[in-house]
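An overview of the molecular structure
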Amino acid sequence: MAQKKPRIVIVGAGFGGIKAAKLLAREDVEITIVDRQNFHLFQPLLYQLSTSVLATDEIAYPVRAAFRKHKNVELFMAKAEGFVPERKVLLTNHGEVPYDYLVLAAGATTNFFGMESVAKYSYGMKTLQEALHIRNHVLHMFERASKKEDDEAERRRMLTFVCVGGGPTGVEEAGALSELVSVMRKEYHRLDFDEVSIKLVEATDKVLPAMPPELRERTIKVLQRKGVDVMLNTQVMDCDAGSLTLKDGTVIPTRTVIWAAGVRSVKLPSQLGAEVDRAGRVIVGNTLQVPNYPEIFAIGDNAHFEQDGRPLPTVAPVATQQAAVCARNILRLIRGGSTALEQFHYQDVGGMATIGRCEAVVSWGPMKLKGFPAWCIWMFLHLLRLESVHTDITVGLKWMWNFLSGTRLGRIITNIEL
């Protein structure tokens, strides 16, 4: 009788989950990827979908296509809802999934910091659907504003766009919105584009906090040159359908608040009963195992891992590096023996952000780049991380065409509102 292969269940098809699956797919194991979606989403480019640069199939790639050559990898399209660790079972809305080893890589969701009104009226940007919603909404605002000839206050409300959060997502979204507005100047003949306002609101005294001071200053100057009003030391208190209220009492009339101010883990990891941090991430040990459950690993946005006295950020390089260590440790457990499990140590690969066409900032250790050279590096590295050659070619061509012409042909409204 053939020996039963170890069953490895990976919850989440994000950067960490896909990386772990690719490494483990080479081994004599059975892998099941559990995800609500049938695609891997390249989240760093969501802002380009929301501002009409790229299309959905250019930042999302089918999971099954990624593993077409690996017959030991299956996708189970379902929502993971809980666990029965005693039986080694993952609970989903479509039944139970048994495992021998479990990897929690289910990703994160938007953190509204308990502000229910903000959660109700602002626009998050963590999913494909949310980015499409922003694109449709922004385009609708211009269409509706162009018909409000006699109501200046309402036009200005519709044409005021607020991005909350000065991290890479907020900075990139604000810069891309300003360029989208530049494209539309030639097409909306009845609009006075002096009424358009783009604001970047940040609660602290800096944008891109992980960047060196000179690159942060460069970012602010570029945004301001593009017409973005950068508001530092500015906290949000409330939001409704027609305005954003700040802590100092200032009210910004707007129908568009894009929330990029924080993330938190999805609720799933907290269902284990293990200790979690304020962001809902499981506090894992040096081997990335969940305490008291040696067969369960947590990585990426689901793992609270401290290094040099503070938790690692929820960024893709952390998730992929953790996935590699996680995969190797699972294989060591499968093979048995007395070999100690590998301890994780994050190798900082620096940071980068694009501020629009031909403008970016890149920090790699002692190397600090800005402007066009940084933008070229940003494009090259992002193309390398996309899932297929087809996507590399189409995205590369679109970026080149956008560089040469500045056009945004993806301005298609898909949720028709008349």
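Scroll up a little and you will see the structure.
The structure presented is a predicted model; accordingly, all values stated were derived computationally and were not measured.

Scanning the chain for helices and strands turns up 12 helices and 28 strands. The C-alpha atoms of the chain give 23 Å as radius of gyration, which agrees with the globular expectation for 418 residues (22 Å, within 12%). Reported as C-alpha extents along the three principal axes, the dimensions of the chain are approximately 80 × 50 × 45 Å. Taken across its 418 residues, the chain has 52% of its residues classed as buried. Long-range contacts, defined here as pairs at least 24 residues apart, represent 63% of the contacts in the chain between residues at least 6 apart. By element, 52% of the accessible surface of the chain is carried by carbon and sulfur atoms, the whole surface being about 20,000 Å².

In this section: the side chain of Asn-136. Mapping Asn-136 onto the fold places it in helix α6 (residues 128-145). Residue classification places Asn-136 among the buried residues on the basis of a relative accessible area of 3%. In this structure the side chain of Asn-136 is engaged in a polar contact, spanning 2.8 Å, whose partner is the backbone nitrogen of Thr-414. Beyond its immediate chain neighbours, meaning those up to four positions away, Asn-136 contacts Ile-412, Ile-413, Thr-414 and Asn-415.

Moving on, we come to the nonpolar core. Membership of the largest hydrophobic core comes to 64 residues, with the highest contact counts inside it found for Leu-45, Ile-59, Phe-142 and Trp-399. Sort the elements by how many residues they give to this core and α6 lands first, with eight residues. In this structure, Phe-142 is in contact with Leu-159, Phe-161, Val-181, Met-184, Tyr-188, Leu-191, Phe-193 and Val-196, ignoring residues within four places of it in sequence. Judged by nonpolar contacts, the second largest core, of 54 residues, contains Ala-21, Ala-274, Phe-297 and Ile-330.

Turning our attention to the sheet that holds strand β11 (residues 123-124). The five strands lie next to each other as β11-β18-β12-β13-β14, forming an open sheet whose pairing is parallel. Since the sheet does not close on itself, it has two edges, and those belong to β11 and β14 (228-231), each with one partner. Direction of pairing for strand β13 (residues 197-201) relative to β14: parallel, over a ladder of four bridges. Note on β14: the bridge partner recorded for Lys-199 is Asp-229. Against the sheet, helix α8 (residues 168-184) engages β12 (160-164), β13, β14 and β18 (256-259), with an angle of about 175 degrees to β13.

All chains considered together, the criterion is met by 10 aromatic pairs. Geometrically, the ring pair formed by Trp-375 and Phe-403 is tilted, given 5.6 Å between the ring centres and 40 degrees between the ring planes. Taken together, the residues span a long stretch of sequence, with Trp-375 in helix α11 (residues 371-385) and Phe-403 in helix α12 (residues 389-405) at a distance of 28 residues. Accessibility expressed as a relative area gives 7% for Trp-375, which makes it buried. Using a relative accessible area of 29% as the deciding quantity, one classes Phe-403 as partly exposed. Taken together, the aromatic side chains of Phe-142, Phe-161, Tyr-188 and Phe-193 make up a single cluster linked through ring pairs.

On to the environment of His-94, then. Tracing the chain through its elements places His-94 in the loop between β7 (89-92) and β8 (95-98). Residue His-94 is classed as exposed on the basis of its relative accessible area, which comes to 56%. Along the chain, His-94 and Ala-80 lie 14 residues apart, while their C-alpha atoms are 8.8 Å from each other. Setting aside residues up to four positions removed in sequence, His-94 forms contacts with Phe-76, Met-77 and Ala-78.

Let's shift gears to the pattern of salt bridges. Taken as a whole and assessed by the stated rule, the structure comprises 21 salt bridges. In this structure, the salt-bridge partner of Arg-87 is Glu-96, at a minimum N-O distance of 2.9 Å. For Arg-87, a relative accessible area of 48% gives the class partly exposed.

With that out of the way, let us pick up the sheet that holds strand β17 (residues 251-253). One open sheet holds the three strands; their spatial order is β15-β16-β17, and the pairing between them is antiparallel. Unpaired on one side and paired on the other, β15 (236-240) and β17 mark the two borders of the sheet. Within the sheet, the average angular offset between the axes of one strand and its neighbour, ignoring direction, is 15 degrees. Judged from the four bridges that link them, β15 and strand β16 (residues 243-246) form a sheet pairing that is antiparallel. Looking at the pairing, Asp-238 lines up with Thr-245 of β16.

Another point: unusual backbone geometry. Its identity as a non-glycine residue notwithstanding, Lys-88 has a phi of 55 degrees, on the positive side. Considering the arrangement of structural elements, one finds Lys-88 in the loop between β6 (80-84) and β7. Despite not being glycine, Asn-233 has its phi angle at roughly 50 degrees, a positive value. For Asn-233, the position within the fold is in the loop between β14 and β15.

What follows is about the packing of α11 against α12. Interhelical geometry of α11 versus α12 gives an angle of 160 degrees and a closest axis separation of 10 Å. Judged by the inter-axis angle, α11 sits roughly antiparallel to α12. Crossing geometry of α11 relative to α12 is assigned as right-handed. When α11 is examined against α12, the residues Phe-372, Trp-375, Trp-378, Met-379, His-382 and Leu-383 are found in contact with a partner set consisting of Asp-392, Val-395, Gly-396, Trp-399 and Phe-403. Its residues assigned to classes, the contact of α11 with α12 comprises eight nonpolar, two polar and one charged.

Attention now goes to α12. Helix length check: α12 (17 residues) gives 24 Å between terminal C-alpha atoms against 24 Å at 1.5 Å per residue, within 8%. Three or more residues of α12 are buried, namely Thr-391, Val-395, Trp-399 and Asn-402. The buried residues of α12 occupy an angular sector of 60 degrees when projected down its axis, which confines them to one face. With respect to the buried face of α12, the exposed residues turned more than 90 degrees away are Val-389, His-390, Leu-397 and Leu-404. Buried positions along α12 lie against α2 (46-50), α3 (56-59), β4 (60-62) and α11.

Moving on to the side chain of Asn-72. Take Asn-72: it is sitting in the loop between α4 (63-66) and β5 (73-77). Polar contacts involving the side chain of Asn-72 include one to the main-chain carbonyl oxygen of Ala-25, which spans 3.1 Å. Excluding its chain neighbours within four sequence positions, the residues that come into contact with Asn-72 are Leu-24, Ala-25, Glu-27, Val-29, Glu-30 and Ile-31.

Quick notes on the rules
Residues numbered from 1 in each chain as written. Predicted model: local features only at pLDDT ≥ 70, side-chain atom pairs only at ≥ 80, totals over all residues. Heavy atoms only, no water. Helix = DSSP H or I, 4+ residues; strand = E, 2+ residues; numbered from the N terminus. Rg over C-alpha atoms; globule rule 2.2 N^0.38 Å. Buried < 20%, exposed > 50% of the residue type's maximum accessible area, 1.4 Å probe, protein only. Contact = heavy atoms within 4.5 Å. Areas by Shrake-Rupley, 256 points an atom, 1.4 Å probe, with all protein chains shown as cover. Polar contact = N/O pair within 3.5 Å; in protein donor to acceptor, adjacent residues only side chain to side chain. Core = buried A, V, L, I, M, F, W, Y, C linked by side-chain atoms within 4.5 Å. Pairing = 2+ DSSP bridges. Axes fitted to C-alpha atoms, helices over the stretch in contact; angles between N-to-C directions. Phe/Tyr/Trp six-rings, centres within 6.5 Å; stacked < 30°, edge-to-face > 60°. Salt bridge = Lys/Arg side-chain N within 4 Å of Asp/Glu carboxyl O. Parallel < 35°, antiparallel > 145°, perpendicular 65-115°, else oblique. Left-handed = near helix turned anticlockwise from the far one by under 90°. Nonpolar A, V, L, I, M, F, W, Y, C, P; charged D, E, K, R; others polar. Expected span 1.5 Å × (residues − 1). Arc of directions from axis to C-beta.

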